[in-house]
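# Summary of the model geometry
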Amino acid sequence: MSIEVPIILTIIAIILFYTTYWVVKKYNQNLKKAKITALVLSIISTPLAYYGLILLLMSYIEYIPESTFNEQKWRTETTSRYKMRDDIINNQILKLKNKSEVVTLLGNPSNSTIDNQWVYDLGISSAGFGVQFHSLQITFKNNVVAKVKKFMITD
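Here the structure is a predicted model, which is why all the values come from computation and not from measurement. (Residues numbered from 1 in each chain as written. Predicted model: local features only at pLDDT ≥ 70, side-chain atom pairs only at ≥ 80, totals over all residues. Heavy atoms only, no water.)

## Structural notes on a nonpolar patch on the surface
A surface patch of nonpolar side chains, about 400 Å² in accessible area, is lined by I3, I7, I11 and I15. Along the polypeptide, I15 turns up in helix α1 (residues 4-27). (Patch = residues over 30% accessible without salt bridge, like charges linked within 9 Å, V, L, I, M, F, W, Y side chains within 5 Å. Areas by Shrake-Rupley, 256 points an atom, 1.4 Å probe, with all protein chains shown as cover. Salt bridge = Lys/Arg side-chain N within 4 Å of Asp/Glu carboxyl O. Helix = DSSP H or I, 4+ residues; strand = E, 2+ residues; numbered from the N terminus.)

Listed below in structure tokens is the structure:
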């Protein structure tokens, strides 16, 4: 464990102690009981506050902004297509489209390993202290879109 963790925990504990003491003192005039109550509550809540701050930080770091599908942006901003993927999937933009309609809308796929499965590269985003590679996989059945899935590979 690095030295930063105990320092951060101490700062959180001090802030929680004085805040709790200030609140408890308003309702309980016995200063000794107020200090003991504040101490116990700050000891219990410090780890919870620390983990809460870590979760908040991680959700901020891994946040991926979303935008609605825009055909022009899809073609010009190829490195940030991942922002539109949820709109494509959730609003079923490709539902019941055949291969030629998909090519007209999205362009040629980045990769097609099987004739009935196409993959579009959607770009790269940050993921904590690494990066995420985003892609969209479209599966065809009888020349019509059957399934659309998103993939993320974290490095």
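Moving on from the model shown.
## Examining the pattern of salt bridges
Counted under the stated rule, the structure contains 3 salt bridges. One salt bridge connects R85 with D86, and the closest N-O pair in it is separated by 3.6 Å. Note on R85: relative accessible area 4%, which makes it buried. Its relative accessible area of 12% is what places D86 among the buried residues. Salt-bridge contacts for K150 lead to D86; the nearest nitrogen and oxygen are separated by 2.9 Å. Of this pair, K150 sits in strand β4 (residues 144-154) while D86 sits in helix α4 (residues 85-90); the two residues are 64 residues apart in sequence, bridging distant segments of the chain. Assessed through its relative accessible area of 36%, K150 is described here as partly exposed. (Buried < 20%, exposed > 50% of the residue type's maximum accessible area, 1.4 Å probe, protein only.)

## Structural notes on the side chain of S125
Positionally, S125 belongs in strand β2 (residues 117-127). What makes S125 buried here is its relative accessible area of 8%. Within the local environment of S125, its side chain forms a polar contact with the side chain of H134, the two groups lying 2.7 Å apart. (Polar contact = N/O pair within 3.5 Å; in protein donor to acceptor, adjacent residues only side chain to side chain.)

## Here's the deal with unusual backbone geometry
With a phi angle near 65 degrees, L96 is a residue other than glycine that sits in the positive phi range. The phi angle at N142 is positive, at roughly 55 degrees, despite the residue not being glycine.

## Digging into the pairing of strand β3 (residues 130-141)
Sheet topology note: the β2/β3 ladder contains 10 bridges and is antiparallel. Within the sheet, the bridge partner assigned to A127 lies in β3 and is G130. Relative to β4, β3 runs antiparallel, the two being bridged by 10 bridges. Across the sheet, the residue bridging to S135 is F151, located in β4. Here β3 hands over to β4 after 2 residues, with N142 in that stretch at a positive phi of 55 degrees. (Pairing = 2+ DSSP bridges.)

## Description of the packing of aromatic side chains
In this structure the tally under the stated criterion is 6 aromatic pairs. A centroid spacing of 6.0 Å and a plane angle of 5 degrees characterise the contact between F17 and Y21, whose relative ring orientation is stacked. Residue F17 and its partner Y21 are both found in helix α1; the two are separated by 4 residues, about one turn of the helix. Residue Y21 is classed as buried on the basis of its relative accessible area of 14%. Measuring from ring centre to ring centre gives 6.2 Å for W74 and Y120, while their planes differ by 65 degrees; the resulting arrangement is edge-to-face. With W74 in helix α3 (residues 71-76) and Y120 in strand β2, the pair connects residues that are 46 residues apart, well separated along the chain. (Phe/Tyr/Trp six-rings, centres within 6.5 Å; stacked < 30°, edge-to-face > 60°.)

## Let's talk about α1
Residues separated by three or four positions in an α-helix point in the same direction, a consequence of the helix having 3.6 residues per turn. Counted at 1.5 Å a residue, the expected span for α1 with its 24 residues is 34 Å, and the 35 Å between its end C-alpha atoms agrees. Among the residues of α1, V5, I12, F17, T20, Y21 and V24 are the ones counted as buried. (Expected span 1.5 Å × (residues − 1).)

The analysis is restricted to geometry; functional conclusions fall outside its scope.
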